[in-house]
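Geometric and topological summary
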Number of protein chains: 2
Amino acid sequence: MRWTAEGDVAGDVRERGFEVDVAGRTVPGVLWVPESGTGPRPLVLLGHGATRHKRVDYLVALGRRLASDHGFAVAAIDGPGHGDRRAPGHDDDIALFSAFLAEWSREGTVDDMVADWQATIDALRALDDVGDGPIGYWGLSMGTIYGVPLVAAEPRIQVAVFGLMGLLGPTRDRMAADAASISCPVMFLQQWDDSLIPRPEAFGLFDAFSSVDKRLHAHPGDHSAVPVEEILFSARFLARHLAPHAVDAM
Amino acid sequence: MRWTAEGDVAGDVRERGFEVDVAGRTVPGVLWVPESGTGPRPLVLLGHGATRHKRVDYLVALGRRLASDHGFAVAAIDGPGHGDRRAPGHDDDIALFSAFLAEWSREGTVDDMVADWQATIDALRALDDVGDGPIGYWGLSMGTIYGVPLVAAEPRIQVAVFGLMGLLGPTRDRMAADAASISCPVMFLQQWDDSLIPRPEAFGLFDAFSSVDKRLHAHPGDHSAVPVEEILFSARFLARHLAPHAVDAM
C-alpha cells in the first residue's frame, strides 16, 4: 500500500489517496479518517456507480459525514475501467458506460473486484488509525453489482446498503445466489420510476437477500434521483449497526 | 361535544374521552393534549385497524408520543362497528371482522366516516388547547380505507401516513380516485409478506397518490408485523411536516 496524495482536512477529517497492488493490478483508493481518536474503529466501504469514480460528490459527502459524525474510517476505490483506472480516451459518460458494460460482461471482473476490495480491506486494517473494527458496505447501482458478491464473500462485513439494481444483466444468476447467502442487515434503496431497473427485477433482488433485518425504501423519480434524506438515513443505518451503543434507536 | 372520561395524565400529556354527535350518530373519541402550552397547535388524527379501537396500544403510544415529544394534539375515534360503536355481542375478532366487512360493503359508510372525522375536527379545533393549527392523518389498514377518502376531502389535512392496504375491496374504485386527488406528503408502509394485501394492489395504491413527496417503506413479515422503528419514523415524518421549524432535517 502506497500513499499517493495527502488530501484536504475538512473539520476533523483527513482525506488521503492510496494505491494497493493486487495480482498485477493497481487499485486506486481514497481514505477518510478523523484525526482525533485511533483504531480500531468501524470501516465503511463505498462503491460508486457506473461512469462515476471514487471521489464523486455523493461519496465524498458520505465519507466525510461518516468520519466526522460517527468517527468511522471510510474508503472508496475506483471500479474497473473507472476513475484512475480508465482506459486512455475514456473521458465521457458514453465511453465510460460502454466500458462498464464490457467489464460487467467479462468473465472474472466480479472476482477481480472482490479481490481488489479484500486487498484494500487488509491494507487499511493494518493501519493504526483504522484497525480491525467491524465493516459496513454502501454501494448503489454498479456499487450493488460489485457489492453483493463482496458482502457475500466477506464475513467481516456486517451491514450493507444496496439499491438501484435488480436481478438482471450478465451476472444476474450469481447476484441472486450471492444475495441469498447474505444475512446481515440490508437497506435497499429503490427509485420507483427507474428507467434502467424495472420494478420486478428490483423486487427480485430485494427478495433474494436472506437477511431478517432488511428494508426497502422507495421514492418517485428516475435512477439518479435518490433524495439526500435517504443518503443521510443510510449513514445512520450503517452507524446504528456498526456502533450500536453510540447511536440512539432511531 | 361532550367529555365522557377524564383519563390519565402520563408525563405532561392528558388523555380525555369525548363524544361528538353527527347526523344522529354518536362518535366516541379520545384526545391527547400536553398540559403545557396552548393552541393553536398541530392536530394529528389516528385511524385504527379492523377489529381494533381508538385506544388500541399502538395508537395510545403514538398519541402520547406525538403530544409529549412534539406538543401536538392527537385524537382517535372508533371506526364504524368498532370500539364503543360495536353491536351487542360483537366481542371477538371474528364478529368484529365480519362487521368491518359488512360496513366496508355498505353504501354510505365511507361518507359517514368522513363526516364523523370532519365533525370531530370541527369540535376539537374549537377547543382553546387545540385550536386551528395544521392537521395530519395516520392510519394503516382500515385506517387507510377510511383515511384516504378523508384526506382527499379535507384540505386542512396537510400530511398523511397510510399503509397495509391496496386497491382492493368494495371501495377500490373510490380509493383510487381519492388517492389521485391527494397531493400532500405521504408515507406509505408496506409489509412485504402481507397475506391480506397482495403486493401489486399495494403498489397500485402507492402509485395512485399524486404527491410529489411520497415514499414507500417495506419490511418483511405479515400484515401486523410493522416494526416499532417505522411507527417512530412515521411520528417524525408527521412532525417534520406539521412543525418543520422545530424538527431537524432527518
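Note: the structure precedes this text.
Comments concerning the interface of chain A and chain B
The interface of chain A with chain B comprises 20 residues on the first partner and 20 residues on the second. The junction of chain A with chain B conceals about 1900 Å² of combined surface from both sides, 61% of it contributed by carbon and sulfur atoms. For the interface between chain A and chain B, the tally reads 6 salt bridges. Two residues, B:R215 and A:E229, come together in a salt bridge whose shortest N-O distance is 2.5 Å. There are 11 residue pairs in polar contact (both at pLDDT 80 or more) connecting chain A and chain B. Listed by contribution, the elements that provide at least two residues to the side of chain A that touches chain B are α6 (199-208), β9 (214-219) and α7 (228-242) of chain A. Here the residues of the side of chain A that touches chain B sort into 10 nonpolar, 2 polar and 8 charged. Two strands pair when backbone bridges link them, and β9(A) and strand β9 (residues 214-219) of chain B are joined in this way by 3 bridges, in the antiparallel orientation. Within β9(B), the position partnered with A:H217 by the bridge is B:H217.

Focus on the packing of aromatic side chains
In this description, a pair of aromatic rings is defined by centroid distance and the angle of the planes. Residue and element names in this part refer to chain A. Scanning all chains against the criterion turns up 26 aromatic pairs over all chains. Judged by centre distance (5.9 Å) and plane angle (45 degrees), the ring pair of F188 and F206 falls under tilted. With F188 in strand β8 (residues 186-191) and F206 in helix α6, this residue pair connects regions lying 18 residues apart in the sequence. Looking at F206, the relative accessible area reads 0%, which means it is buried.

Some points on helix α2 (residues 93-105) of chain B
All names here are of chain B. The end-to-end C-alpha distance of α2, which contains 13 residues, comes to 18 Å, matching closely the 18 Å that a straight helix rising 1.5 Å per residue would cover. When we look at burial in α2, the residues that qualify are A95, L96, A99, F100, E103 and W104. Elements that come into contact with the buried residues of α2 comprise α3 (109-125), α4 (142-153) and α5 (172-180). Between the side-chain oxygen at the start of α2 and the backbone nitrogen of I94 there is a gap of 3.1 Å, and the oxygen is on D92.

Examining the environment of B:I135
All names here are of chain B. Looking at where I135 falls in the secondary structure, it is placed in strand β6 (residues 135-139). Expressed as a C-alpha distance, the spacing of I135 and G47, which sit 88 residues apart in the sequence, is 14 Å. Not counting residues within four places of it along the chain, the set of residues in contact with I135 comprises L43, L45, I121, R125, R156, I157, Q158, V159 and L242.

Quick notes on the pairing of β8(A)
Residue and element names in this part refer to chain A. Burial runs high along β8: 6 of the 6 residues are buried. In β8, alternate side chains face the same way, and those of V186, F188 and Q190 on one face and M187, L189 and Q191 on the other are all buried. Running through helix α5 (residues 172-180), the crossover from strand β7 (residues 157-163) to the neighbouring parallel element β8 is right-handed. Where β8 meets β9, 6 bridges bridge the pair, whose relative direction is parallel. The residue bridging L189 from the neighbouring strand is H217, located in β9. In this view, the connection linking β8 to its parallel neighbour β9 by way of α6 has right-handed handedness.

A closer look at the environment of A:Y137
Tracing the backbone through its elements, the reader meets A:Y137 in strand β6 (residues 135-139). Here the side chain of A:Y137 touches A:G143 through a polar contact of 2.5 Å, landing on its backbone oxygen.

Notes on the side chain of A:R41
Residue and element names in this part refer to chain A. Here R41 shows up in the loop between β3 (25-34) and β4 (43-47). Here R41 sits buried without a salt bridge, and the closest side chain of opposite charge, D129, lies 5.4 Å off (N-O distance). Apart from the residues lying within four places of it in its own chain, the contact partners of R41 are V33, P34, S36, G71, F72, A73, D129, V130 and G133.

Describing the relation of the copies chain A and chain B
Superposition record for chain A on chain B: RMSD 0.0 Å, screw rotation 180 degrees, translation along axis 0.0 Å. With respect to symmetry, the two chain copies, as superposed, fit the operation of a two-fold axis. Residue A:H217, judged by its C-alpha, is the member of chain A lying nearest the rotation axis, at 2.4 Å. A shared binding surface is used by both copies, with 100% of the interface residues of chain A retained as interface residues in chain B.

Overview of unusual backbone geometry
Cis rather than trans, the peptide bond between A:G39 and A:P40 has omega equal to -5 degrees. Counting through the fold element by element, A:P40 comes out in the loop between β3 and β4. Positive phi, normally seen in glycine, also occurs at B:T51, with a value near 75 degrees. Relative to the elements of secondary structure, B:T51 occurs in the loop between β4 (43-47) and α1 (57-70). If you check the backbone angles, B:S141 has positive phi at about 60 degrees while not being a glycine.

Parameters at a glance
- Residue indices follow the written sequence of each chain, beginning from 1 at its first position.
- All chains are assigned letters beginning at A, and all ligands numbers beginning at 1, according to the order in which they are written.
- At least 70 in pLDDT is required for a residue's local features to be given in this predicted model, at least 80 for side-chain atom pairs to be given and counted, and no such filter applies to totals for whole chains, interfaces and linings, which use all residues.
- To obtain the side-chain values, all non-hydrogen atoms of the structure were used and water was disregarded.
- A contact between two residues is defined here by any heavy atoms of the two lying within 4.5 Å.
- Computed with a 1.4 Å rolling probe, the buried area is the accessible surface lost when two parts are put together, summed over both parts.
- One speaks of a salt bridge when a side-chain nitrogen belonging to Lys or Arg is within 4 Å of a carboxyl oxygen belonging to Asp or Glu.
- Throughout this description, a polar contact denotes any pair of N or O atoms lying within 3.5 Å of each other; where both atoms belong to protein, one of them has to be capable of donating a hydrogen while the other can accept it, and for residues adjacent in sequence the pair is counted only when both atoms sit in side chains.
- Numbering of helices and strands starts at the N terminus; helices are DSSP runs of H or I of at least 4 residues and strands are runs of E of at least 2.
- Amino acids are sorted into nonpolar (Ala, Val, Leu, Ile, Met, Phe, Trp, Tyr, Cys and Pro), charged (Asp, Glu, Lys and Arg) and polar (every other residue, Gly among them).
- Between any two strands, pairing holds if DSSP finds at least two bridges.
- A pair of aromatic rings is counted whenever rings of Phe, Tyr or Trp (Trp by its six-membered ring) have centres within 6.5 Å, and the orientation is called stacked for planes under 30 degrees apart, edge-to-face for over 60 and tilted otherwise.
- Note on classification: 1.4 Å probe, protein chains only; a residue is buried when its accessible area is under 20% of the maximum for its type, exposed when over 50%, partly exposed between these limits.
- By this rule, a helix spans an expected 1.5 Å times one less than how many residues it contains.
- Orienting the strands away from the viewer, one traces the path from the first strand over the helix to the second; a clockwise path indicates a right-handed crossover.
- When charges are tallied, Lys and Arg are placed among the positive residues and Asp and Glu among the negative ones, while His and the ends of the chain are skipped.
- Our superposition of the copies is a least-squares fit, built on the C-alpha atoms of residues whose pLDDT is at least 70 in both.

Taken by themselves, the reported measurements are silent on function.
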